[in-house]
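Structural features, examined
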Amino acid sequence: MKSLFIGSFLLGGMVVLCLQTGCTRLNSQSPSHRQSWEIAELLNRNEHLGSVEEQQVVSRQYHTLKYQILRQSDDWKSYIQLSRLFMIEARVTGEHGYYYPAALSLLDRTLEYASEHDIQFQASFLKASVLLSLHRFEEALRYGEKALSLNPYHALTYGTLVDAHVELGNYEDAVVWVEKMVNLRPDLRSYARISYLRELKGDIKGAVDAMEMAIEAGVPGQEDRAWCRTTLGDLHLKYGNLPAAENQFQWALHERSNYPFALAGLAKLSQLQGANKEALQLLDSAALLIPELSFFIQKAKLVKDLEEPTQLTMLQTSILEMFDDDEEQGHLMYAERAKYFRDVLGDDSAFFAYTQIALSERPRNKEVAHLAAGMYYRKGVFDLAREYAEISVQGGCKDPEYIGLLGLILVKEGNLKEGTDYIKYALETNPFQAYFFTKELKTFLDKSVKTKKA
């Protein structure tokens, strides 16, 4: 995803009680808690992720909280604080499959045994945040609503509701909640959400302005501000403003050295400018810092374009293993799989299958509707393709990829003038785009120009 803050930034299934090796066993003395239970160990960070001081603080916090829980098994405040720490580490290190189940195990135990009103609120809110990170949006919405019922004055709870409603395609509900959120707490998190919702409404300038406000509200060097800069860079990239995109990626790296998502942003920029060797080096640097699936998929696309089949085969094996590992830990990845099979493997059958699953879960979401439009376009079912393409741009969305696909569909249906106008908009808005349908857009427009000249 994502252009929206999801899950761990706000700081399901069977609970994983023992996470890999090295877990610390806790034997509670309370009669109601007699079963043994495991506390996940803190993984060693890559030495380049954050400052030495930051890593030392995290280590001290972890060991203090673990000791307090081992000493007093019903110290629910320590459970809450440790779950927050795990969520932050998941975001910073990219070890989602390890830390999110670790956080869920703490939160589920807290929700089961703790009776204090505020503890129940905090555990519900944090569980909603983790579930958002795992793309379990219906569950996240339920826990967000539970948290709201326990405390209607907590701004970040409104953030979980914004995120869940956006992912489920309930955009007007998301607007209502983000207004409540920003009224309670106008800060980096609320401004970032406003930015994304403005983009969905087609207000690109307003989206940029709001993200710049989010950056100003952040602290230089902190991960969340680096995230905002990188997200703003991606927004500029989407709408063809390459110099502004590069500026944000470079600033993110200046403020937080080796920030992996900024390195991946510069890799996208390098590839668009034809500097493929530099793009590969940047992606390798990012992937060495954190095992982020999107970096490997980005590299696979580049290797495919460079026609290096041996390296591509190796990458494909790793990527499918990463998908499987994420899903084993409860992370739903249907839309991401659909795009991977379409863009990298060129496997229409798998693309169709995963798109159908994503569509059954989130039929009103614009991103999923866009995938469905592409699926029906590939199948030649143009009436359904148009229906979903129109859903993807409802509300004034100006995403050049979405509008370009709608243009192709309209052309196939015989609506040549409107379809051509949409295709022109897509390519003029971002002439640098490298999207699955971009080649087809350019081919159509080239033929149209030649036909007019003839």
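Note that the structure is predicted; figures quoted are calculated from it, not measured.

Another point: the overall build of the chain. When helices and strands are counted, the chain shows 22 helices and two strands. The C-alpha radius of gyration computed for the chain amounts to 23 Å, which stays within 12% of the reference 22 Å derived for 454 residues, consistent with globular compactness. Across its three principal directions, the C-alpha atoms of the chain cover 85 × 45 × 45 Å. Looking at the 454 residues of the chain, the share that counts as buried comes to 57%. Taking the 50 positively charged and 61 negatively charged side chains of the chain as two groups, their mean positions are separated by 2 Å.

For the rest of this paragraph, the subject is helix 3 (residues 96-113). Between its terminal C-alpha atoms helix 3 stretches 26 Å, which fits the 26 Å expected from 18 residues at 1.5 Å a residue. The buried fraction of helix 3 is high, at 16 of 18 residues.

In this section: unusual backbone geometry. A positive phi angle, close to 65°, is found at N258, a residue other than glycine. With respect to the secondary-structure elements, N258 resides in the loop between helix 11 (242-255) and helix 12 (260-272). Judged by its relative accessible area of 32%, N258 falls in the partly exposed class. At E307, a position not held by glycine, the phi torsion is positive, near 55°. On the secondary structure map, E307 appears in the loop between helix 14 (293-305) and helix 15 (309-328).

Glancing now at the nonpolar core. Of all hydrophobic cores here, the largest spans 101 residues; its most connected members are I319, Y388 and I423. Residue contacts for I319: discarding those within four places in its chain leaves L293, F296, I297, A300 and Y340. If you look at the next biggest cluster of nonpolar residues, it comprises 46 residues, including A40, Y98, Y100 and L141.

Glancing now at the confidence of the model for the chain. Of the residues in the chain, 91% reach a pLDDT of 70 or more, and the chain-wide mean stands at 91. The model gives residues 10-23 a pLDDT under 50, and that stretch makes 41 contacts with residues more than four places away or in other chains. Note that pLDDT drops below 50 for residues 27-36; the model gives that stretch 18 contacts with residues more than four away or on any other chain.

For helix 16 (residues 334-345), built from twelve residues, the straight-helix expectation of 16 Å at 1.5 Å per residue is met to within 8% by its first-to-last C-alpha distance of 15 Å. Of the surrounding secondary structure, the elements contacted by the buried residues of helix 16 are helix 14, helix 15, helix 17 (348-361) and helix 18 (366-379). A positive phi of about 60° marks G346, the residue just after helix 16.

This next bit is on the packing of aromatic side chains. Across all of its chains, the model carries 18 aromatic pairs by this definition. Relative to F261, the ring of Y259 lies with its centre 5.8 Å away and its plane at 55°, an arrangement referred to as tilted. You can call F261 partly exposed: its relative accessible area is 24%. Aromatic ring contacts, followed pair by pair, group Y377, F382, Y435, F436 and F437 into a single cluster. The lysine or arginine in question, K366, covers the ring of Y171, its NZ or CZ lying 5.2 Å from the ring centre.

Residues D383, E387, E390 and E418 make up a contiguous surface patch of negative charge. Turning to its location among the elements, E387 is positioned in helix 19 (residues 382-392).

The tally for this structure, following the rule as stated, stands at 26 salt bridges. Across the pair D284 and K299 runs a salt bridge whose closest N-O atoms are separated by 2.6 Å. You can see D284 sitting in helix 13 (residues 276-289) and its partner K299 sitting in helix 14, a full 15 residues away along the chain. The buried category is assigned to K299, whose relative accessible area is 13%. A salt bridge links R337 to E327, with the shortest nitrogen-to-oxygen separation between them at 2.9 Å.

By the secondary structure assignment, K66 is in helix 1 (residues 52-71). Only 3.4 Å separates the side chain of K66 from the side chain of E41, close enough to count as a polar contact.

The next thing to look at is the environment of T355. When you line up the elements, T355 lands in helix 17. Of the residues examined, T355 reaches a relative accessible area of 0% and is grouped as buried. Those residues within four positions of T355 in sequence are excluded, and the remaining contacts are A338, L371, A372 and M375.

Following both chains from N to C, one finds helix 2 (residues 76-93) and helix 4 (residues 117-133) inclined at 20°, their axes separated by 10 Å at the closest point. One finds that helix 2 runs roughly parallel with respect to helix 4. Seen along the crossing, helix 2 lies across helix 4 with a hand that is left-handed. Two secondary-structure elements touch here, helix 2 through W76, K77, I80, S83, R84 and M87 and helix 4 through I119, Q122, A123, F125, L126, S129 and V130. For the contact of helix 2 with helix 4, the residue count by class is eight nonpolar, three polar and two charged.

Cut-offs applied
Residues numbered from 1 in each chain as written. Predicted model: local features only at pLDDT ≥ 70, side-chain atom pairs only at ≥ 80, totals over all residues. Heavy atoms only, no water. Helix = DSSP H or I, 4+ residues; strand = E, 2+ residues; numbered from the N terminus. Rg over C-alpha atoms; globule rule 2.2 N^0.38 Å. Buried < 20%, exposed > 50% of the residue type's maximum accessible area, 1.4 Å probe, protein only. Lys, Arg positive; Asp, Glu negative; His and termini not counted. Charge placed at Lys NZ, Arg CZ, Asp CG, Glu CD. Expected span 1.5 Å × (residues − 1). Core = buried A, V, L, I, M, F, W, Y, C linked by side-chain atoms within 4.5 Å. Contact = heavy atoms within 4.5 Å. pLDDT = per-residue confidence, 0-100. Phe/Tyr/Trp six-rings, centres within 6.5 Å; stacked < 30°, edge-to-face > 60°. Lys NZ or Arg CZ within 6 Å of the ring centre and 35° of its normal. Patch = residues over 30% accessible without salt bridge, like charges linked within 9 Å, V, L, I, M, F, W, Y side chains within 5 Å. Areas by Shrake-Rupley, 256 points an atom, 1.4 Å probe, with all protein chains shown as cover. Salt bridge = Lys/Arg side-chain N within 4 Å of Asp/Glu carboxyl O. Polar contact = N/O pair within 3.5 Å; in protein donor to acceptor, adjacent residues only side chain to side chain. Axes fitted to C-alpha atoms, helices over the stretch in contact; angles between N-to-C directions. Parallel < 35°, antiparallel > 145°, perpendicular 65-115°, else oblique. Left-handed = near helix turned anticlockwise from the far one by under 90°. Nonpolar A, V, L, I, M, F, W, Y, C, P; charged D, E, K, R; others polar.

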